Amino acid sequence: MCATVPNGTIILGTRRTNSPEYPTWIGHASSPAGPWTPLKTQVLPTAAGPVSISEEDSFIFRGPRGYHMLTHRSTPKNQTWPPHPSTGCGGGHLYSEDLRTWYFGEDVFGRSAEDADQCDLALQGGAKIKLTSRQRPTVLDAGGRRYLYTGASGPAAAVTEYQHSFTLVQEIKTQKGV
């Protein structure tokens, strides 16, 4: 998804790999029609994790403390959940002040930064379910409230994003100014 910087340039992020040349593929253009030009970037590791994890479905936005990128983050293949062939529930966060140098941030889905907890979803009334996939994160600001939209699948172990998916909307509880 796109972000627009103050000079009107449109920034688009797509996929992050281990490529040393473009670890985060970000393009920029003056209009949606393009032409799109790659923007050289780097992703640096932090205490939250290494840069050796691939991510896709980027959503870039600007907040009071700089630029943020939410992603569908790959989860380790040695986990027992979600079952194969699901691609997992990892929600990634990267942050930057200049759109060129990005820092690896914490997992953002669920109430824990643990990879295994990214599929857990608490429903109103206290019930809990375990999703098999969460992808394409998008944030909507509406009247002072913020919502996270993701494509999701599950909760049955046999249901993957290749068979059935739905749009999941959750209100984001944030601290003022974050």
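The structure under discussion appears in the preceding block.
As the structure is a computational prediction, the values presented were derived from the model and not from experiment. (Residues numbered from 1 in each chain as written. Predicted model: local features only at pLDDT ≥ 70, side-chain atom pairs only at ≥ 80, totals over all residues. Heavy atoms only, no water.)

Chemist: Sorry if this is basic, but what is going on with the sheet that holds strand β14 (residues 166-172) here?
Modeler: Backbone-to-backbone hydrogen bonds join strands into a sheet, with any given pair of strands oriented parallel or antiparallel. Across the sheet, which stays open at both edges, the three strands sit in the order β12-β13-β14 with antiparallel pairing between neighbours. Edge positions in the sheet fall to β12 (133-142) and β14, since each has one partner strand and no second. Strand-to-strand, the axes of this sheet are offset by a mean angle of 25°, without reference to chain direction. Strand direction decides the pairing type here: strand β13 (residues 145-153) and β14, joined by seven bridges, are antiparallel. Pairing of Leu148 across the sheet is with Gln170, part of β14. (Pairing = 2+ DSSP bridges. Helix = DSSP H or I, 4+ residues; strand = E, 2+ residues; numbered from the N terminus. Axes fitted to C-alpha atoms, helices over the stretch in contact; angles between N-to-C directions.)

Chemist: When you look at the side chain of Gln135 in this model, what are you seeing that I'm missing?
Modeler: Turning to its location among the elements, Gln135 is positioned in strand β12. Within the structure, Gln135 has its side chain in polar contact with the side chain of Ser133 (distance 3.1 Å). (Polar contact = N/O pair within 3.5 Å; in protein donor to acceptor, adjacent residues only side chain to side chain.)

Chemist: It is not clear to me how the pattern of salt bridges should be interpreted in this structure. Could you clarify?
Modeler: Oppositely charged side chains are able to pair whenever their charged atoms sit close together. Across all of its chains, the model carries four salt bridges by this definition. A salt bridge links Lys130 to Asp120; the nearest nitrogen and oxygen atoms lie 2.4 Å apart. With Lys130 in strand β11 (residues 128-130) and Asp120 in strand β10 (residues 120-122), this pair connects stretches of sequence that are 10 residues apart. (Salt bridge = Lys/Arg side-chain N within 4 Å of Asp/Glu carboxyl O.)

Chemist: How do you make sense of unusual backbone geometry when you look at a structure like this?
Modeler: Excluding glycine, a negative phi dihedral is what most residues carry, and trans is how most peptide bonds are arranged. Residues Gly34 and Pro35 are joined by a peptide bond in cis, for which omega reads 5°. With respect to the helices, strands and loops of the structure, Pro35 is situated in the loop between β3 (24-29) and β4 (37-39). For Leu99, which is not glycine, the phi torsion reads 70° and is therefore positive. Inspection of the secondary structure puts Leu99 in the loop between β8 (91-96) and β9 (101-104). By relative accessible area, Leu99 is classed as buried at 6%. A positive phi angle, near 50°, is found at Arg136, a position not held by glycine. Counting through the fold element by element, Arg136 comes out in strand β12. (Buried < 20%, exposed > 50% of the residue type's maximum accessible area, 1.4 Å probe, protein only.)

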